[in-house]
Amino acid sequence: MATAGKVIKCKAAVAWEPNKPLVIEEVEVAPPEANEVRIKIVATALCHSDLYHLLESMHEDGFPVILGHEAAGFVESVGPGVTEFQPGDKVIPLFISQCGECRFCVSPKTNQCEKGWSIGRLNEMSPAESRFTCKGKKVLQFAGTSTFSEYTVVNQMAVAKIDPAAPLDKVCLLGCGVCTGYGAAVNTAKVEPGSTCAVFGLGAVGLAAVMGCKAAGAKRIFAVDINPDKFEKAKVFGATDFVNPKDHSKPVSEVLSEMTDGGVDFSLECVGNVAVMRSALESCVRGWGVSVLVGWTDMADVATRPFQLLSGRTWKGSLFGGFKGKQDVPQMVKKYLDKKVKLDEFITHTMTLDQVNDAIELMKQGKCIRTVMNVSSQ
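Notes on the structure follow. Only a predicted model underlies this, so the values are computations on that prediction, with no experimental measurement involved. (Residues numbered from 1 in each chain as written. Predicted model: local features only at pLDDT ≥ 70, side-chain atom pairs only at ≥ 80, totals over all residues. Heavy atoms only, no water.)

## Here's the deal with unusual backbone geometry
Okay, step 1: A cis amide bond links F63 with the next residue in sequence, P64, at an omega value of -5 degrees.
Okay, step 2: By the secondary structure assignment, P64 is in the loop between α1 (48-57) and β4 (65-66).
Okay, step 3: The backbone of N35 sits at a positive phi, close to 65 degrees, despite the residue not being glycine.
Okay, step 4: Of the residues examined, N35 reaches a relative accessible area of 32% and is grouped as partly exposed. (Helix = DSSP H or I, 4+ residues; strand = E, 2+ residues; numbered from the N terminus. Buried < 20%, exposed > 50% of the residue type's maximum accessible area, 1.4 Å probe, protein only.)

Take a look at the structure:
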């Protein structure tokens with residue numbers, strides 16, 4: 001392409017400081033260096049993890065930054081040493097890398113990687129290096145991706161090449177939320193046919209977890225949320241029973257225990273709230289219940305009484321649903337194209353990048369599942 005090897009000036013939504021509206025700015029995106037890929041972002045979605053960094057953790061060293069990590073686009077150009085990708089490839093940038101060489105990547109037990117952006121910089125939620133500048137200042141790259149920009153530069157170990165037939169404004173959701181919830185059920189919890197499950201929190205991640213429980217053959221799937229407006233949507237993804245904790249005077253764990261003769265086989269916490277994490281664990285049946293932490297937070301300690309675990313329950317966590325991104329995300333795209341995974345049903349709003357602050361307000365008020373923003377034309 002004509003832009004290869006040159007600095008690209010383009011539009012991006014910059015978070016200059018915590019808890020303030022994003023500002024649409026002209027930014028400079030440097031050419032990719034060795035082992036890097038520059039991507040033209042076509043569509044990006046807003047995820048709660050973006051809001052977590054902007055409005056909850058508000059770590060001062062994590063700004064200014066370009067948010068966004070759930071997206072899809074085209075390869076614009078590649079840096080030296082890149083052979084896997086070429087201009088024009090349809091891709092999804094990944095916030096969890098897969099170098100393929102470290103002890104984590106070679107193990108089938110995890111999807112984590114020793115070479116990812118989070119090593120030593122989890123509070124900042126961005127690598128130290130960045131290819132973005134704006135008004136003469138370096139702008140950080142959120143989660144190693146920064147997709148609220150018309151162009152971004154990503155290490156090749158954090159890019160998945162996908163089917164050319166895939167609609168980018170739909171499969172962008174596989175960059176985080178849908179894979180996170182779905183994989184937490186099928187990969188991490190390993191939900192079994194005929195089992196009972198409870199999913200706490202019915203945002204995009206929770207609904208994807210419901211979908212994963214159904215795909216794994218769960219007999220009963222309890223959708224738990226304090227917003228009853230979400231129950232109809234949960235039914236679309238396979239939920240069979242619905243519990244609003246506000247409707248009961250006793251703890252929701254006791255409610256679920258009574259409804260299931262001792263507790264569910266599997267529970268998934270998709271809120272990112274430590275009190276809900278405890279409730280999810282204590283909703284599991286003793287002896288073999290498995291509870292998975294899926295919602296993201298690093299703001300407080302999580303705790304329970306030792307007997308909850310001594311009695312045979314398992315408490316575990318799931319990052320990106322246990323998916324190894326480079327190899328597994330293309331397979332999830334294929335499942336969508338084969339109509340084995342839903343994506344369209346998650347999208348409640350479609351906007352442009354210029355409307356990013358409106359999208360943030362919708363999510364803050366719980367009025368959307370996923371808002372997809374069109375960033376660049378295809």
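Next comes the rest of the account.
## Re the sheet that holds strand β16 (residues 314-317)
Okay, step 1: One open sheet holds the six strands; their spatial order is β13-β12-β11-β14-β15-β16, and the pairing between them is parallel. In the strand order of this sheet, the two ends are held by β13 (241-243) and β16, each with one partner. Between one strand and the next, the sheet's axes are offset by a mean angle of 20 degrees, whatever the strand orientation.
Okay, step 2: Along the sheet face, helix α6 (residues 252-259) touches β11 (196-200), β12 (220-224) and β13 and points at about 160 degrees away from the line of β12.
Okay, step 3: Set on the sheet, helix α7 (residues 274-282) makes contact with β11, β14 (266-269), β15 (290-293) and β16; between it and β14 the angle comes to about 175 degrees. (Pairing = 2+ DSSP bridges. Axes fitted to C-alpha atoms, helices over the stretch in contact; angles between N-to-C directions. Contact = heavy atoms within 4.5 Å.)

## Overview of the pattern of salt bridges
Close approach of charged atoms lets side chains of opposite charge pair.
Okay, step 1: This structure, assessed with the given rule, holds 18 salt bridges.
Okay, step 2: The residue K235 makes a salt bridge to E232 at a minimum N-O spacing of 3.4 Å. Here E232 and K235 lie together in helix α5 (residues 231-237), a separation of three residues that amounts to about one turn.
Okay, step 3: Using a relative accessible area of 44% as the deciding quantity, one classes K235 as partly exposed.
Okay, step 4: Among the residues examined, E232 registers a relative accessible area of 55% and is labelled exposed.
Okay, step 5: One salt bridge in this structure joins E282 and R278, with 2.8 Å as the shortest N-O distance. Residue E282 and its partner R278 are located together in helix α7, separated by four residues, close to a single helical turn.
Okay, step 6: Residue classification places E282 among the partly exposed positions, given a relative accessible area of 21%. (Salt bridge = Lys/Arg side-chain N within 4 Å of Asp/Glu carboxyl O.)

## Topic: the packing of aromatic side chains
The geometry of two aromatic rings is summed up by the distance between their centres and the angle between their planes.
Okay, step 1: Per the stated rule, a full pass over the model turns up five aromatic pairs.
Okay, step 2: Measuring from centroid to centroid gives 4.5 Å for F237 and F346, while their planes differ by 40 degrees, and the two rings are tilted. Residue F237 is located in helix α5, and its partner F346 is located in the loop between α9 (325-337) and β17 (347-352); the two are separated by 109 residues in the primary sequence. Each member of the pair, F237 together with F346, is buried.
Okay, step 3: On the numbers, 6.5 Å between centres and 70 degrees between planes, the contact of F320 with F323 is edge-to-face. Like F320, the residue F323 is buried in the burial classification.
Okay, step 4: Feature note: the residues F95, F320 and F323 constitute an aromatic cluster, connected by ring pairs. (Phe/Tyr/Trp six-rings, centres within 6.5 Å; stacked < 30°, edge-to-face > 60°.)

## Let's talk about the side chain of S130
Okay, step 1: Take S130: it is sitting in the loop between β6 (90-93) and β7 (132-134).
Okay, step 2: The exposure class of S130 is buried, given its relative accessible area of 14%.
Okay, step 3: In terms of polar contacts, S130 uses its side chain to reach the backbone amide nitrogen of F132, at 3.0 Å.
Okay, step 4: Within the local environment of S130, its side chain forms a polar contact with the backbone oxygen of V139, the two atoms lying 2.4 Å apart.
Okay, step 5: Excluding residues that lie within four positions of it along the chain, S130 makes contacts with K138, V139, L140 and Q141. (Polar contact = N/O pair within 3.5 Å; in protein donor to acceptor, adjacent residues only side chain to side chain.)

## Overview of the packing of α1 against helix α10 (residues 356-364)
Okay, step 1: Axis separation between α1 and α10 bottoms out at 11 Å; the angle between their running directions is 95 degrees. Relative to α10, α1 is oriented roughly perpendicular. For the pair α1 and α10, the contacting residues are H48, L51, L54 and L55 in the first and I360, M363 and K364 in the second.
Okay, step 2: Looking at side-chain class alone, the contact of α1 with α10 contains five nonpolar, one polar and one charged residues. (Parallel < 35°, antiparallel > 145°, perpendicular 65-115°, else oblique. Nonpolar A, V, L, I, M, F, W, Y, C, P; charged D, E, K, R; others polar.)

## Here we look at the packing of helix α3 (residues 177-189) against helix α4 (residues 204-215)
Okay, step 1: Relative to each other, α3 and α4 sit at 40 degrees, their axes nearing to 7 Å. With respect to α4, the axis of α3 lies oblique. In this structure, α3 meets α4 at a crossing whose hand is right-handed. Contacts between α3 and α4 pair G177, V178, T180, G181, Y182, A185 and V186 from the former with V205, A208, A209, M211, G212, C213 and A215 from the latter.
Okay, step 2: Split by residue class, the contact of α3 with α4 holds ten nonpolar, four polar and no charged. (Left-handed = near helix turned anticlockwise from the far one by under 90°.)

Remember, this is a structural readout, not a statement about activity or role.
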